[in-house]
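# Observations on chain architecture
So the chains spell out like this:
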2 protein chains.
Amino acid sequence: MTTDHIVIIGGVAAGPKTACRLKRLAPEARVTVIDQDNLISYGGCGIPYYVSGDVSDEKELRNTSFHMTRDESFFLNAKGVEVMTRTRALAIDRKAKTVRIKNLDTEREESLSYDKLVLATGSEPFVLPIPGAELPGVYTISDLHKAIDIKEQLAKGLVGRAVVIGGGAIGIEMAEAFTDLWGVETSLIEFMPQLLPNILDKPFADMVATHMREHGVKIHLNEAAQSIEADDHGRARKVVTANREIETDIVVMAAGVRPRSRLALEAGLQVSKFGIVVNDHLQTSDPDIYAAGDCIEITHLVTGKKSLAPMGSLANREGRIVADNLAGLTSTFEGWIGSFIMKAFEICAGGTGLSLQAAKAEGFDADAVISAQSDRAHFFPEQSVIPLQMVFDRKSRRVLGIQGFGPMGDAVLARIDAAAALIAKGGTIDDFSKLEMAYAPPFATALDALNATANIADNKAADRLRTVAIDDFMVWMNEPDTRPDWLALDIRHPAETKAFTEKFGDRWLAIPYIEIRNRYREIPTDRKMIIICDAGTRSFETQCVLDHQGLKSLVLGGGFNCVRRIGAAWWPS
Amino acid sequence: MTTDHIVIIGGVAAGPKTACRLKRLAPEARVTVIDQDNLISYGGCGIPYYVSGDVSDEKELRNTSFHMTRDESFFLNAKGVEVMTRTRALAIDRKAKTVRIKNLDTEREESLSYDKLVLATGSEPFVLPIPGAELPGVYTISDLHKAIDIKEQLAKGLVGRAVVIGGGAIGIEMAEAFTDLWGVETSLIEFMPQLLPNILDKPFADMVATHMREHGVKIHLNEAAQSIEADDHGRARKVVTANREIETDIVVMAAGVRPRSRLALEAGLQVSKFGIVVNDHLQTSDPDIYAAGDCIEITHLVTGKKSLAPMGSLANREGRIVADNLAGLTSTFEGWIGSFIMKAFEICAGGTGLSLQAAKAEGFDADAVISAQSDRAHFFPEQSVIPLQMVFDRKSRRVLGIQGFGPMGDAVLARIDAAAALIAKGGTIDDFSKLEMAYAPPFATALDALNATANIADNKAADRLRTVAIDDFMVWMNEPDTRPDWLALDIRHPAETKAFTEKFGDRWLAIPYIEIRNRYREIPTDRKMIIICDAGTRSFETQCVLDHQGLKSLVLGGGFNCVRRIGAAWWPS
């Protein structure tokens with residue numbers, strides 16, 4: 001128990017969480033939260049849904065679940081916490097244990113003394129260093145005021161066209177917000193060759209991009225915004241890339257965030273490029289100063305390396321840990337693994353742990369398999385295919401990451417959350433294979449899609465299954481000469497294969513799955529089969545048969561269920 | 001690799017799974033499956049959905065996801081597995097390594113020799129030893145033929161009334177099947193004082209019962225079926241209990257299952273009351289005989305005790321393990337934890353691990369908390385409350401079980417599956433608190449409902465939170481004199497509390513949450529407060545404030561969100 005004065009700088013997520021938990025643990029503590037904004041304790045992740053209109057009023061983002069607005073008087077009366085808004089922390093004097101603060105309305109400065117200090121200063125959007133980045137009409141998604149401003153313009157009918165710079169989660173959510181309800185003609189520019197770089201591998205990112213294009217978003221990959229140009233009124237009106245100029249009424253820059261660590265740095269605290277350095281108790285290099293939220297660096301538990309993790313969900317967890325420690329409970333925060341999920345129109349995509357690309361870059365002996373199983377019993381009326389990818393280390397059989405794609409709803413979420421539990425514990429392929437997912441036909445398949453994916457990984461790790469990556473298959477389809485020894489072996493139903501054999505001629509051999517055991521002699525012995533079905537499971541079975549006959553083959557993992565979602569220009573019409 | 005002859009007795013779930021996996025691992029093996037039925041390899045868990053009409057044709061339960069029917073010729077051509085249907089295994093001669101089999105059509109008997117034998121004989125429904133149990137019109141849900149028969153009668157309009165005996169998952173699913181599409185007037189009789197005994201605790205079972213009653217199912221708890229009486233045609237027409245006689249056109253007996261272990265027993269294999277005894281490799285006491293599926297006893301990983309686990313999902317996992325071992329891979333099956341989920345009309349309920357009642361019976365120092373949080377951000381349009389219960393051991397802080405209730409969809413599933421991953425690994429409250437669930441407003445709250453439940457358990461385990469069980473609260477509401485020192489402290493909004501203060505007078509004190517810190521002096525010091533809000537979170541905060549003032553209180557965990565779902569006759573109209 002403490003009667004100390006605890007000062008918390010930052011009033012959005014980690015700050016208020018620390019304050020409220022602390023007051024429950026130590027009711028006699030004096031807790032002061034300061035924030036330079038007048039709007040505090042809001043659900044920042046809800047901004048795209050406020051802009052889209054799903055959330056009608058910004059107050060809803062600041063309300064509790066029991067419909068009270070989390071403003072200064074709420075914190076004072078309900079929580080016993082004093083909040084000073086429109087108050088900027090200018091400097092920390094660690095020796096005197098004071099924070100120099102300035103009231104942004106009165107301009108008055110004063111010193112606030114603390115016994116313990118908590119830095120919850122958050123992150124700030126990265127503004128690309130390009131001409132025009134600071135023009136009126138260029139927005140970052142960083143606070144509620146900007147969101148209110150954007151929505152007002154939409155509501156006034158001032159926005160017919162929008163450009164979003166950045167194909168991460170926020171960029172995608174904002175592109176949906178513009179397009180879906182408001183009918184804004186939206187372009188999304190991403191510097192990398194795929195959406196959601198680093199967090200999804202290309203096949204899954206391409207599924208998201210294809211779905212967004214189907215909903216009218218123009219997506220330009222591999223393109224950097226080079227400048228933003230103004231109209232005669234000095235307002236942003238055009239985004240220029242190497243390939244095109246896009247006229248627009250609004251620009252959203254969603255190019256990532258940087259930790260707000262200046263205050264910590266100037267106070268002489270240890271700060272890395274990922275943020276304020278903290279120990280397991282979220283204590284900075286000054287034991288009287290804690291830090292939590294977007295502004296700290298935390299350990300990625302799969303790589304063991306430090307990283308920036310600007311997630312509202314983590315900020316809340318961290319705030320609780322800080323409060324525990326301030327109150328004398330020795331809670332620890334070990335790190336994160338990168339669980340995420342996002343909605344894009346009618347689909348969702350998510351993941352946890354490392355992508356294949358990231359795992360390889362980290363030096364793992366990484367491999368991956370893709371499944372394309374149903375989310376519920378295939379005989380149940382409303383079932384959908386949910387492609388899942390499992391990334392694993394071949395040597396240790398440790399699962400390094402899971403990715404999923406599916407229709408809106410919680411089917412993908414269920415698999416990501418279950419995977420997160422195991423990945424954080426260093427779970428192996430076998431742990432995933434044995435994971436006892438709940439089953440009934442309206443909810444899952446008897447062998448859940450996640451278990452099935454682990455079984456595929458088990459076969460791959462043992463080299464019983466050899467696959468061709470979807471990306472490589474796509475290259476071959478577009479440029480057949482790149483792999484002259486390949487022959488597609490399409491084992492689907494003849495009604496499905498007909499258009500393919502007609503279009504692709506001697507690159508395409510169709511033998512129905514059910515006939516393989518009797519007709520394998522028709523398969524050429526001097527070429528490598530790319531075995532194709534819808535999900536990849538029949539293909540694996542076929543590979544076992546071909547192996548037994550000494551025939552060479554690779555399985556298209558995830559099959560045409562995935563290829564259809566990625567989209568292919570070569571698909572027979 | 002093996003060229004042995006593998007004989008598998010049983011062709012529904014574990015048997016075919018073993019056969020198919022084995023042929024992939026060891027294509028040269030000769031695999032024969034025998035089954036006394038002519039219909040094999042069907043999704044037995046789908047029977048209620050076939051009866052309801054969600055699944056239109058029984059063939060769909062026997063089809064693959066790629067629309068081929070899993071009959072004898074499918075297994076032969078696609079899988080290379082010989083299936084002998086309408087063939088009963090009469091006896092095993094372990095010394096000669098033969099199975100005596102009988103063709104049920106020709107009545108011819110013969111001996112089938114095996115190198116390895118697999119028993120996948122499944123379970124059989126328990127038929128209550130009551131008069132009339134064997135009458136025509138009394139059905140168990142044990143095979144596809146009976147399901148087809150039931151559905152034919154429904155389709156012909158012969159069923160206006162139905163009685164289901166047994167309030168487990170199958171009984172509930174069948175009651176829904178009768179009521180929902182066919183409009184059959186359905187009564188469900190359960191011997192125990194709640195539905196889903198042993199797997200859900202009473203509050204959650206009561207939520208299911210209340211929802212089913214709202215959908216027209218008459219539920220009679222604490223009632224045993226004493227006899228079934230026939231009409232003049234000798235057909236079951238009436239079910240008699242101690243309290244009533246129910247006229248009916250059909251009776252479904254869903255009173256649990258027993259392992260089919262007679263064959264094993266007669267062959268001298270070790271068999272317990274839970275089924276055929278197997279080791280971690282699913283090998284019976286004869287190393288040449290394996291067993292899998294409903295017919296074996298397996299270890300419950302939370303209790304460490306042997307148990308019967310008749311689940312289609314486990315049968316598939318076990319079949320894979322047997323095949324691995326037959327093929328020379330040393331896969332193991334350690335046990336189960338009891339993950340389940342089920343649909344009842346528009347809601348679902350599920351769980352994993354132990355119920356509080358079961359945990360106490362097992363001798364754990366068991367305690368539990370209930371949460372009533374939203375499944376997604378409370379500002380997101382389509383959010384719902386999903387009550388969760390966490391059962392934990394106070395000494396070790398190990399989480400022993402999770403239960404959940406919510407609207408149809410996969411929100412509850414996601415929390416159950418994530419919990420299953422941790423519970424199987426011996427996860428503690430802290431593991432659940434730190435579990436990195438994926439977050440975005442359309443999918444979860446920043447601090448997921450499961451994390452929040454763990455945090456509540458953390459507070460309870462540390463005695464910071466003291467709760468009153470919902471059951472005890474309900475008793476007090478019905479019989480106030482049972483706890484004369486209690487006073488309800490209702491901290492909800494005045495508009496919500498008005499009807500309660502009017503109805504309950506001096507048992508009901510209303511002080512809004514926001515005013516507690518200023519008005520706690522109005523609270524009597526000589527009585528114990530039962531603090532009430534909707535979810536329990538404001539109540540905990542209030543308890544912290546009252547504790548600080550030396551006032552006595554208990555929190556109604558889960559709050560009125562749970563009470564409303566359970567239903568209360570005393571609720572002010």
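Placed above this text is the structure.
The numbering scheme is per chain: residues are counted from 1 as the chain's sequence reads. Each chain gets a letter, beginning with A, and each ligand a number, beginning with 1, in the order they are written. pLDDT decides what is reported in this predicted model: residues at 70 or higher carry local features, side-chain atom pairs at 80 or more are listed and counted, and totals for whole chains, interfaces and linings draw on all residues regardless.

Let us now look at the overall build of chain A. In terms of helices and strands, chain A carries 18 helices and 32 strands. Whereas a compact globule of 573 residues would reach a radius of gyration of roughly 25 Å, chain A reaches 27 Å, a difference of no more than 12%. Projecting the C-alpha coordinates of chain A onto the three principal axes gives extents of approximately 85 × 60 × 40 Å. Put simply, chain A has 573 residues, and 57% of those count as buried. Residue pairs are scored as contacts if the distance between their C-beta atoms, which are placed from the backbone, is within 7 Å. Taking contacts inside chain A between residues at least 6 apart in sequence as the whole, the part at least 24 apart equals 65%. Comment: elements are numbered from the N terminus, with helices defined as DSSP H or I runs of at least four residues and strands as E runs of at least two. To get the radius of gyration, use the C-alpha atoms; to get the globule rule, take the number of residues to the power 0.38 and multiply by 2.2 Å. Every C-beta atom is placed from the backbone, and the number of other C-beta atoms within 10 Å of a residue's own sets its class: buried at 20 or more, exposed at 12 or fewer, partly exposed in between.

Residue and element names in this part refer to chain B. Summarising burial for helix α18 (residues 559-566): six of the eight residues are buried, a large majority. Among the residues of α18, those classed as buried are Gly559, Phe560, Cys562, Val563, Arg565 and Ile566. Looking at the residues trailing α18, positive phi occurs at Gly567, about 90°.

Where interface size is quoted, it is often the accessible area lost as the parts come together. At the junction of the two partners, chain A supplies 71 residues and chain B supplies 71 residues. Elements with a minimum of two residues in the side of chain A that touches chain B: α3 (58-62), α4 (72-79), α9 (312-326), β23 (340-344), β24 (347-353), α11 (411-423) and α17 (537-548) of chain A. With nine residues, α11 of chain A is the largest single contributor of residues to the side of chain A that touches chain B. Classifying every residue of the side of chain A that touches chain B by side-chain character gives 41 nonpolar, 16 polar and 14 charged. Throughout this entry, Asp, Glu, Lys and Arg are counted as charged residues, while Ala, Val, Leu, Ile, Met, Phe, Trp, Tyr, Cys and Pro are counted as nonpolar. The remaining residues, Gly among them, count as polar.

Turning to the sheet that holds strand β14 (residues 236-240) of chain A, a few remarks are in order. Residues and elements named next belong to chain A. Here, any two strands with at least 2 DSSP bridges between them count as paired. In space, the three strands of this open sheet follow the order β13-β14-β15, with antiparallel pairing throughout. In this open sheet, the two edge strands, each paired with only one partner strand, are β13 (227-230) and β15 (245-247). Between one strand and the next, the sheet's axes are offset by a mean angle of 25°, whatever the strand orientation. As paired elements, β13 and β14 share four bridges and run antiparallel to each other. Across the sheet, the residue bridging to Ala230 is Ala236, located in β14. Between N-to-C directions, angles cover 0 to 180 degrees, with each direction set by a line fitted to C-alpha atoms, over the stretch in contact for helices.

A few words now on the pairing of strand β32 (residues 553-556) of chain A. Residues and elements named next belong to chain A. Alternating positions in β32 separate into two faces, Ser553 and Val555 on one and Leu554 and Leu556 on the other, with burial throughout. As paired strands, strand β28 (residues 467-468) and β32 are joined by two bridges and run parallel to one another. Looking at β32, one finds that Thr467 is bridged to Val555. When strand β31 (residues 528-532) meets β32, the two strands line up parallel, connected through three bridges. Residue pairing in the sheet places Met529 in a bridge with Ser553 of β32. Crossovers are described as right-handed under a simple rule: with the strands pointing away from the observer, the path leading from the first strand over the helix to the second runs clockwise. What joins β31 to β32 is α17, and the crossover it makes is right-handed.

For the rest of this paragraph, the subject is the sheet that holds strand β4 (residues 87-93) of chain B. Residues and elements named next belong to chain B. Taken in spatial order, the three strands line up as β4-β5-β6 in an open sheet, and their pairing is antiparallel. On the outer flanks of this sheet lie β4 and β6 (109-113), each paired with one strand and no other. Across the sheet, the mean angle from the axis of one strand to that of its neighbour is 30°, orientation sign disregarded. When β4 meets strand β5 (residues 98-103), the two strands line up antiparallel, connected through six bridges. Residue pairing in the sheet places Ala91 in a bridge with Arg100 of β5.

Turning our attention to the environment of Val217 of chain B. Relative to the elements of secondary structure, Val217 of chain B occurs in the loop between α7 (202-214) and β12 (218-220). With near-sequence residues (within four places) excluded, Val217 of chain B lies in contact with Ala175, Thr179, Thr186, Leu188 and Met212 of chain B.

This part takes up the nonpolar core. A set of buried Ala, Val, Leu, Ile, Met, Phe, Trp, Tyr and Cys residues, joined to one another through C-beta atoms within 7 Å, is what we call a nonpolar core. The biggest cluster of nonpolar side chains holds 401 residues, and the ones touching the most others in it are Ala291 and Ile530 of chain A together with Ala291 of chain B. Considering each element in turn, this core owes the most residues, 12 residues, to helix α11 (residues 411-424) of chain B. Setting aside anything within four residues of it in sequence, one finds Ile530 of chain A in contact with Val468, Phe473, Trp486, Leu487, Ala488, Leu489, Leu554 and Leu556 of chain A.

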